[in-house]
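Here are the chains, one letter per residue:
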Amino acid sequence: MTGRRSDATRAAILRAARVRFAEDGYQRATIRAIAADASIDPSMVMRYYGSKERLFAAAVDIDLRMPDLAGLPAGRIGPELVRHWVRRWEDDPTGDVLLTLLRSAATDDTVAERVRGVFQQQIVPVVRKLSGAGEAEAQERAGLLATQMLGLAMCRHILRIPPVAAMTTEQVVERVGATVQRYLTAAL
């Protein structure tokens, strides 16, 4: 019984932390506010996570679940990557965690470092495999891919720039996918 209660408490803390970090950003979110949102004592947050930094790391533990695109025709890789990202932001319950990271990374070095880690560990290897490029070129191509995907998320979901926010998924895939395709396969 204690194990279930412990798991439920830990889950409640993570849910509250995700919402609080999304609303307030990393800097302004407090352990007290997160504990209040989870209806527990702040000492319990510290008991389970030890620090705000470790709680944040747990709350934004991201697996981008990058798709295996090896079987696609070379000209469809860019659009399918864009489709994957748009689905993550719009259809996946963990999409809000990605947006939380993006919101907070602009103002907090700890969060920015987390985003760089996700980039290095999850995006660069996929780009290296898809492009067949060496390490330096794969890094550059992955960086260019990140400019498009993070910029798209910022404009569509955070700033809600009207023309971009109003596009259908298929319009985004068609228009942005061509650029991503160039970044992955065209000569740099």
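Here, the structure is the one placed above.
The following paragraphs examine the structure supplied in this document. Residue numbers restart at each chain and count upward from 1, following the sequence in its written direction. Local features in this predicted model are restricted to residues of pLDDT 70 or higher, and side-chain atom pairs are both shown and tallied only at a pLDDT of 80 or more, whereas totals for entire chains, interfaces and linings draw on every residue. Hydrogens and water are ignored here; the side-chain numbers use all heavy atoms of the structure.

Quick look at the packing of helix α7 (residues 109-131) against helix α8 (residues 135-158)
The convention used is that axes are lines fitted to C-alpha atoms, helices contributing only their stretch in contact, and that angles between N-to-C directions extend from 0 to 180 degrees. To qualify as a helix, a DSSP run of H or I must reach at least 4 residues; to qualify as a strand, a run of E must reach at least 2; elements of each kind are numbered from the N terminus. Running from amino to carboxyl end, α7 crosses α8 at an angle of 110 degrees, the nearest separation of the two axes being 8 Å. Taken as axis vectors, α7 and α8 run roughly perpendicular relative to one another. In the crossing of α7 with α8, the sense of the turn from one axis to the other is right-handed. Only Glu135, Ala138, Gln139, Arg141, Ala142, Gly143, Leu145 and Ala146 of α8 make contact with α7, whose side of the interface consists of Phe119, Gln120, Ile123, Val124, Val127, Arg128 and Ser131. Each residue is assigned to one of three groups, with Ala, Val, Leu, Ile, Met, Phe, Trp, Tyr, Cys and Pro labelled nonpolar, Asp, Glu, Lys and Arg labelled charged, and all others, Gly among them, labelled polar. Along the lines of polarity and charge, the residues of the contact of α7 with α8 split into 8 nonpolar, 4 polar and 3 charged. Oblique is the label for every angle not falling under 35 degrees (roughly parallel), over 145 degrees (roughly antiparallel), or within 65 to 115 degrees (roughly perpendicular). Here is the rule for handedness: rotate from the far helix to the near one, and if that takes an anticlockwise turn smaller than a right angle the crossing is left-handed, while a clockwise turn gives right-handed. Pairs of residues are marked as contacts when any of their non-hydrogen atoms sit within 4.5 Å.

Some details on the pattern of salt bridges
Whenever Lys or Arg places a side-chain nitrogen within 4 Å of a carboxyl oxygen from Asp or Glu, that contact is recorded as a salt bridge. Counting across every chain of the model gives 10 salt bridges. One salt bridge connects Arg83 with Glu80, and the closest N-O pair in it is separated by 3.3 Å. With Arg83 and Glu80 both in helix α5 (residues 77-90) and 3 residues apart, the pair spans about one turn of that helix. Burial classes: relative accessible area under 20% of the type maximum marks a residue as buried, over 50% as exposed, and values in between as partly exposed (1.4 Å probe, protein chains only). What makes Arg83 buried here is its relative accessible area of 11%. By sharing partners, the salt bridges in this structure join Arg20, Asp24, Arg28 and Asp37 into a single network.

Considering the packing of aromatic side chains
Pairing of aromatic side chains requires ring centres within 6.5 Å, counting the rings of Phe and Tyr and the six-membered ring of Trp. Pairs whose planes differ by under 30 degrees are stacked, by over 60 edge-to-face, and all others tilted. Scanning all chains against the criterion turns up 4 aromatic pairs. Relative to Tyr26, the ring of Phe21 has its centre 5.9 Å away and its plane inclined at 20 degrees; by these criteria the two rings are stacked. Taken as a pair, Phe21 and Tyr26 share a single burial class, namely buried. Both rings, one in Trp85 and one in Trp89, keep their centres 5.8 Å apart while their planes meet at 50 degrees; by these two values the pair is tilted. Residue Trp85 and its partner Trp89 are both found in helix α5; the two are separated by 4 residues, about one turn of the helix.

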